[in-house]
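# Results of the structural survey
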Amino acid sequence: MARKHDLPVIVDAAAQLPPKANLTRFLSEGATLVAYSGGKAIRGPQGTGILCGEKELVVSALIQQLDMDI
């Protein structure tokens, strides 16, 4: 429905692992971006994670993060 109206869908999947099938599930269901927490099931540092989806939006998020480090 969101694509029909040209609206992006961002899924906060911080607590959606396991199962590992959820790494691809939300994108295959049509999400624009999916964010996974690095500090939960992935067991990385709390400030880490995975952002996946449309390349242009992932790159935009990366650029914003880099600006904060200056």
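Description of the structure in this document. (Residues numbered from 1 in each chain as written. Predicted model: local features only at pLDDT ≥ 70, side-chain atom pairs only at ≥ 80, totals over all residues. Heavy atoms only, no water.)

### Thoughts on unusual backbone geometry
The line we're drawing: In this text, helices come from DSSP runs of H or I with a minimum length of four residues, and strands from runs of E with a minimum of two, each type numbered from the N-terminal end. A simple rule labels every residue: compare its accessible area, found with a 1.4 Å probe on the protein chains alone, to the largest value its type can have, and call it buried under 20%, exposed over 50%, or partly exposed in between.
Residue P18 follows L17 across a cis peptide bond; omega there is -10 degrees. As for its position among the elements, P18 is in the loop between β1 (10-12) and α1 (22-28). Residues P18 and P19 are joined by a peptide bond in cis, for which omega reads 5 degrees. Residue position: P19 is located in the loop between β1 and α1. One non-glycine residue, D6, adopts positive backbone phi at about 60 degrees. Here D6 is to be found in the segment before β1. For D6, a relative accessible area of 71% puts it in the exposed group.

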